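# Per-entry structural report
Below are the chains, spelled out letter by letter.
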Amino acid sequence: MKPRVFSGMQPSGNLHIGNYLGALKNWVRIQSDYEAIFCIVDMHAVTVYQNPDELRAKIRELAALYLAAGIDPKQSTIMVQSAVPAHAELCWMLTCVTPVGWLQRMTQFKAKAAEQETVGDGLLQYPVLMAADILLYQAAIVPVGEDQTQHLELTRDIAQRFNSLYGETFVMPETSLPSVGARIMGLDDPTKKMSKSAPGSGHAVALLDPPATIRKKIMRATTDSAPGVDFDVLSPGVANLLGIFQAFSGWDDAQMRAHFSGMRYGELKKQVADMVIANLEPLQKRYNEIVSEKGYVDAVLREGAERVTPIANATVELVKRRMGLYTPC
Ligand code: AQP
């Protein structure tokens, strides 16, 4: 039996090249080596307010993007978190073994809480729900971008605490990061991670941006005052552009140095834009085909939920027994 891989994305905002290079591209690459479950984590998305109609549409858009990027629904499962109630059930049980101090220390919680007038409890519990998503399927591998490594460490801490309190129950999941592209930075401010929720039209390249928009955003990206690329002193903006090119092209470090050393920034940006557009055009074409097939995305999601529900329910049943909660005889 193949080991299981689990990962997910929030259907909030527009998916960008950071999400793609940090996670989605890696999912596509490894899906045949694992029993893969790729989730649309809508319950995570509502930890900050989402317009209900937009959220409903974004769930289907995200599923179509998974498919367009190359997730094969015959091989891998694509499902929505809220379609499998066991995610919420396990989350509650894990909440009861998680010290609140662990959650208050999370960098993402601190950053997101600082942006809100009122901080919902869901925002604090966000990583416990993520732990539930992963542990529910006894996933061995979790492919994510670098920003999620702290949440993955917390998942292991929660699993370990549960196992030591109630006996061996959960598989310890490993984090899988891509070798290049694990942390793509904002084009307008390369000291900040590219993010769906960041304001500013020049911040992120969305996967569904038209080619002219992609080119415009990349040509305006922040660099520095040097005349061209010097690999010995790369500023964050130039390093980010080179990282984006390398992650899309698959070139090794030697190829990158040989090709880009001394290149003027205008030409570097042009070549990065060409590379991004060339990679996103086929994905966008497939996306348009997928969404034009009425009912297809919903059928994939329905089948996905049906496929994983027995696995999820078996884990909840096991956890209930371990904790002494009521299970019918
Ligand atoms: N800038 C990034 N570089 C590489 N990987 C990234 N990921 C996110 N940003 C980058 C990875 O994408 C996956 C999906 O993440 P998510 O939807 O759960 O949301 P997030 O990590 O919170 O992503 P955003 O874009 O920053 O969204 P908002 O602004 O809504 O918080 C994860 O594997 C993540 O590591």
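## Quick word on the pattern of salt bridges
- A complete count under the given rule lists 14 salt bridges for this structure.
- With a closest N to O distance of 2.8 Å, Asp53 and Arg56 form a salt bridge. Note that Asp53 and Arg56 are positioned in helix α3 (residues 52-69) at a spacing of three residues, about one turn of the helix.
- Residue Arg183 is joined to Glu146 by a salt bridge in which the shortest nitrogen-to-oxygen separation is 3.9 Å. A residue pair is termed long-range when its members are at least 10 positions apart, and Arg183 in the loop between β5 (174-176) and α9 (211-219) and Glu146 in the loop between β4 (141-143) and α8 (149-166) qualify at 37 residues.
- Overall, Glu146 belongs to the partly exposed group, its relative accessible area being 36%.

## Some words on unusual backbone geometry
- A positive phi is found at Gln138, a non-glycine position, where the angle reads about 50°.
- Considering the arrangement of structural elements, one finds Gln138 in the loop between α7 (121-136) and β4.

## Topic: α8
- Here α8 contains 18 residues, and its C-alpha end-to-end distance of 26 Å stays within 8% of the 26 Å for a straight helix at 1.5 Å per residue.
- Residues His151, Leu152, Leu154, Thr155, Ile158, Ala159, Phe162 and Asn163 constitute the buried set of α8.
- Taken from the residues just after α8, Gly167 is the one with a positive phi, measuring 100°.

## Some words on the nonpolar core
- Core analysis: the biggest nonpolar cluster contains 64 residues, and Leu24, Tyr66, Leu268 and Val276 have the highest contact counts within it.
- For this core, the element with the most residues is helix α12 (residues 265-292), which contributes 11 residues.
- Excluding its chain neighbours within four sequence positions, the residues that come into contact with Val276 are Ile17, Val205, Ile214, Ile218, Ile244 and Phe248.
- Core analysis: the next-biggest nonpolar cluster, separate from the first, contains 41 residues, Leu103, Leu135, Ala305 and Val308 among them.

Quick notes on the rules
- Residues numbered from 1 in each chain as written.
- Predicted model: local features only at pLDDT ≥ 70, side-chain atom pairs only at ≥ 80, totals over all residues.
- Heavy atoms only, no water.
- Salt bridge = Lys/Arg side-chain N within 4 Å of Asp/Glu carboxyl O.
- Helix = DSSP H or I, 4+ residues; strand = E, 2+ residues; numbered from the N terminus.
- Buried < 20%, exposed > 50% of the residue type's maximum accessible area, 1.4 Å probe, protein only.
- Expected span 1.5 Å × (residues − 1).
- Core = buried A, V, L, I, M, F, W, Y, C linked by side-chain atoms within 4.5 Å.
- Contact = heavy atoms within 4.5 Å.

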